[in-house]
Amino acid sequence: MYNVYMNFLQALILSAVEGISEFLPISSTGHMILAADILKIAQSNFVKDFEIIIQLGAILAIVVLYWNSLFKSLEVWKRIIVAFIPTGIIGLLLFKIVKNYLLGNLYITLASLFIGGVALILLELVYKEKEHHIDDIKQLSLPKAFTIGLFQSIAIIPGVSRSAATIIGAMFLGTKRKAAAEFSFILAVPTMLAATGLDLIKTNFSYSLNEWLIISVGFLGAFVVALIAVKLFLRFVQTHTFIPFGIYRIVAAILFYLIIIR
């Protein structure tokens with residue numbers, strides 16, 4: 001039996017899932033959809049909006065962490081804007097299709113989760129980090145930044161993972177793991193601001209007081225958890241590959257299929 005309404009405990013759980021998964025290459029949207037299904041929360045319009053809006057809480061964590069070191073750099077922002085262009089255009093054109101037909105679809109989410117895991121493993125099997133590879137976002141050429149943006153566009157499909165798509169694209173173009181992860185973090189800011197803003201415009205801010213309170217709890221929870229998750233993730237990628245995340249995605253997709261769908 002699925003609940004039409006979400007309570008505060010469920011909002012906290014979903015915010016923790018969002019904060020942990022937003023910047024890891026495991027698909028935050030996919031995990032949010034699957035977590036909502038486990039919690040027996042119906043995919044109503046409000047729940048879909050909630051899942052998008054609380055991503056801003058996680059994004060705020062990036063603003064706080066990178067404000068001084070990267071957000072004040074014009075060179076970094078040139079590359080972020082160029083990378084955002086293809087995602088912005090494709091996202092705007094396909095917004096209704098994604099929200100009405102793809103978001104909340106467990107079959108698409110699990111298939112994307114599985115395929116993305118395979119892609120991460122294959123990338124790491126052929127990728128060899130070399131001294132001449134890009135280790136600073138400012139070294140990215142604008143054409144490469146644009147291409148990374150095209151990779152990110154694939155993530156409009158639930159379960160793909162925006163983080164995974166951009167990291168795979170950056171590494172494929174000769175970027176070191178840490179720089180690829182940081183570019184993915186910062187590129188998330190305009191991307192998620194645009195996605196959340198578009199969603200709010202479409203809904204005309206038509207939420208009840210209780211719904212706004214639930215959104216606030218989710219926003220704050222995602223912010224705090226994301227702060228911790230990002231710091232731990234960066235430490236991890238400096239000494240490890242992304243293969244564990246690929247394996248996790250594959251195992252999670254299979255388990256969720258066996259438990260939820262079957």
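Refer to the structure presented above.
Described below are features of the structure shown in this document. (Residues numbered from 1 in each chain as written. Predicted model: local features only at pLDDT ≥ 70, side-chain atom pairs only at ≥ 80, totals over all residues. Heavy atoms only, no water.)

1. Some thoughts on the pattern of salt bridges
Side chains carrying opposite charge are able to pair once their charged atoms draw close together.
No. 1: In the structure shown here, the tally under the stated rule is 6 salt bridges.
No. 2: Notably, a salt bridge pairs Glu75 with Arg79, separated by 3.1 Å at the nearest N-O pair. Note that Glu75 and Arg79 are positioned in helix H5 (residues 74-102) at a spacing of 4 residues, about one turn of the helix.
No. 3: Overlapping salt bridges, with partners in common, bring together Glu75, Lys78 and Arg79 in one network. (Salt bridge = Lys/Arg side-chain N within 4 Å of Asp/Glu carboxyl O. Helix = DSSP H or I, 4+ residues; strand = E, 2+ residues; numbered from the N terminus.)

2. Quick look at the packing of aromatic side chains
No. 1: Tallying each qualifying case throughout the model produces 9 aromatic pairs.
No. 2: Between Phe46 and Phe50, the ring centres sit 6.3 Å apart and the planes meet at 45 degrees, which makes this aromatic pair tilted. Residue Phe46 and its partner Phe50 are both found in helix H3 (residues 45-53); the two are separated by 4 residues, about one turn of the helix. With respect to class, Phe46 is no different from Phe50; both count as buried.
No. 3: Aromatic side chains Tyr66 and Phe185 sit 6.3 Å apart centroid to centroid with 55 degrees between the ring planes, which places their arrangement in the tilted category. Residue Tyr66 is found in helix H4 (residues 55-71), and its partner Phe185 is found in helix H9 (residues 177-203); the two are separated by 119 residues along the sequence. Considered together, Tyr66 and Phe185 belong to a single accessibility category, that of buried residues.
No. 4: A network of ring pairs unites the aromatic residues Phe23, Tyr66, Phe185, Phe233, Phe236, Phe242 and Phe245 as a single cluster. (Phe/Tyr/Trp six-rings, centres within 6.5 Å; stacked < 30°, edge-to-face > 60°. Buried < 20%, exposed > 50% of the residue type's maximum accessible area, 1.4 Å probe, protein only.)

Note that every value here comes from positions in space, so none of it alone points to a role or purpose.
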